[in-house]
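# Inside the fold
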Amino acid sequence: MPSILAKKLGMTQVFQDDGTVARVTVLEAGPCPVTALRTADRDGYEAVQLAFGQTKEKHRTKAELGHLRKAGAPAMRHLVEFRGKVGELQVGESVTVESFEVGAHVKISGVSKGKGFQGTIKRHNFKRGPKSHGSHNVRAPGSIGASADPARVFRGIRGPGQMGNKRVTQPGLEIVALDSSKNLMLVRGSVPGPRGGVVEVRSNG
């Protein structure tokens, strides 16, 4: 199960061989050194730990630097475990975009853009009330509970609150193109998160 960490660079469009236009998200994927392997006998589960985003040593703790040095990796900003069959990966190797194929489908996870505190119209697509004839219910959510019985608002009622800034997984995204020389992966469609955000790319299988 190939997996990799990537940075979202932005969106563009590419013309395909049949003349159609594909709207794609450009990801800078890897290279990601393998920093640890989890096995069922020793850890109770199978996983591979990948590092991404080289940084300065002063920005990492001594424990983190020691862990990375054991794998022969420089100071890296992100460490993420991907559960599943490890396969033939070994500590010290690097995972690149060459592990993926054009036309394959992947699922991408990231933290969505934060929208702050929003009302029910923007957050839950509620309809607004009439704007004329003295209406006081233009963007209010309307009735959310009865008065005498049960005399309270039930838990789970959709209301205003924090919007975005949550982990989102987008499955079934097709790889349109790969550029191993520049570590680029072009994926059809949109990817969660802001420009420059780090995302996790997993095989859809």
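Below is a short write-up of the structure.

Quick notes on the rules
Residues numbered from 1 in each chain as written. Predicted model: local features only at pLDDT ≥ 70, side-chain atom pairs only at ≥ 80, totals over all residues. Heavy atoms only, no water. Helix = DSSP H or I, 4+ residues; strand = E, 2+ residues; numbered from the N terminus. Rg over C-alpha atoms; globule rule 2.2 N^0.38 Å. Buried < 20%, exposed > 50% of the residue type's maximum accessible area, 1.4 Å probe, protein only. Contact = heavy atoms within 4.5 Å. Areas by Shrake-Rupley, 256 points an atom, 1.4 Å probe, with all protein chains shown as cover. Pairing = 2+ DSSP bridges. Axes fitted to C-alpha atoms, helices over the stretch in contact; angles between N-to-C directions. Phe/Tyr/Trp six-rings, centres within 6.5 Å; stacked < 30°, edge-to-face > 60°. Lys NZ or Arg CZ within 6 Å of the ring centre and 35° of its normal. Patch = residues over 30% accessible without salt bridge, like charges linked within 9 Å, V, L, I, M, F, W, Y side chains within 5 Å. Salt bridge = Lys/Arg side-chain N within 4 Å of Asp/Glu carboxyl O. Polar contact = N/O pair within 3.5 Å; in protein donor to acceptor, adjacent residues only side chain to side chain.

### Quick look at the overall build of the protein
Counting its secondary structure elements, the protein contains 3 helices and 12 strands. Relative to its length of 205 residues, the protein is extended, with a C-alpha radius of gyration of 23 Å against a globular reference of 17 Å. Expressed along its principal axes, the backbone C-alpha trace of the protein runs to roughly 70 × 50 × 35 Å. Put simply, the protein has 205 residues, and 34% of those count as buried. In the protein, of all internal contacts separated by at least 6 residues, the share reaching a separation of at least 24 is 69%. Of the roughly 12700 Å² of accessible surface on the protein, a fraction of 49% belongs to carbon and sulfur atoms.

### Section: the sheet that holds strand S2 (residues 21-29)
The antiparallel closed barrel is built from 6 strands, whose spatial order is S1-S2-S11-S10-S7-S12. For this sheet, the mean inter-axis angle between neighbouring strands, taken without regard to orientation, is 50 degrees. Where strand S1 (residues 3-15) lies against S2, 9 bridges are found, and the strand directions are antiparallel. Bridging across to S2, Lys7 finds its partner in Glu28.

### Comments concerning the packing of aromatic side chains
Per the counting criterion, the structure on display carries 0 aromatic pairs. Here the basic side chain of Arg83 rests over the ring of Tyr45, its NZ or CZ set 4.0 Å away from the ring centre.

### Section: the environment of Pro74
With respect to the helices and strands, Pro74 occurs in the loop between helix H2 (62-70) and strand S5 (76-83). Judged by relative accessible area, which is 36%, Pro74 ranks as partly exposed. Once the C-alpha coordinates of Pro74 and Glu57 are considered, the two residues, 17 residues apart in sequence, prove to be 8.1 Å apart. The contact partners of Pro74, leaving out residues within four places of it in the chain, are Gln54 and Leu68.

### Things to note about the pairing of strand S12 (residues 198-203)
Counting buried positions along S12 gives 5 out of 6 residues, so the element sits mostly inside the fold. By the bridge criterion, 5 bridges tie S1 to S12 in an arrangement that is antiparallel. When the bridges of S12 are listed, Leu5 appears paired with Glu200. As paired strands, strand S7 (residues 105-111) and S12 are joined by 4 bridges and run antiparallel to one another. The residue bridging Lys107 from the neighbouring strand is Arg202, located in S12.

### Topic: unusual backbone geometry
Residue Pro31 is bonded to the preceding Gly30 through a cis peptide linkage, with omega at -5 degrees. Positive phi, normally seen in glycine, also occurs at Asn125, with a value near 60 degrees. A relative accessible area of 65% places Asn125 in the exposed class. Here the phi dihedral of Ala151 falls at roughly 60 degrees; this positive angle occurs in a residue that is not glycine.

### Some words on a nonpolar patch on the surface
Taken together, the side chains of Ile144, Val153, Phe154 and Ile157 present a nonpolar region at the surface, about 350 Å² in accessible area. With respect to the helices and strands, the residue Val153 is situated in the loop between helix H3 (120-124) and strand S9 (161-164). Judged by its relative accessible area of 45%, Val153 falls in the partly exposed class.

### Here we look at the side chain of Arg202
With respect to the element layout, Arg202 can be found in strand S12. In this structure the side chain of Arg202 is engaged in a polar contact, spanning 2.9 Å, whose partner is the side chain of Glu200. Setting aside residues no more than four positions away along its own chain, Arg202 makes contact with Pro2, Ser3, Glu81, Phe82, Val106, Lys107, Ser109 and Arg167.

### Some details on the pairing of strand S3 (residues 32-38)
Here S3 lies mainly inside the structure; 6 of its 7 residues are buried. In the sheet, S3 pairs with strand S6 (residues 94-95) via 2 bridges, with the strands oriented antiparallel. Opposite Pro33, over in S6, you have Ser94 as the bridge partner. With 4 bridges connecting them, S3 and strand S4 (residues 47-54) associate as antiparallel partners. In the sheet register, Leu37 faces S4, and the bridge partner there is Val48.

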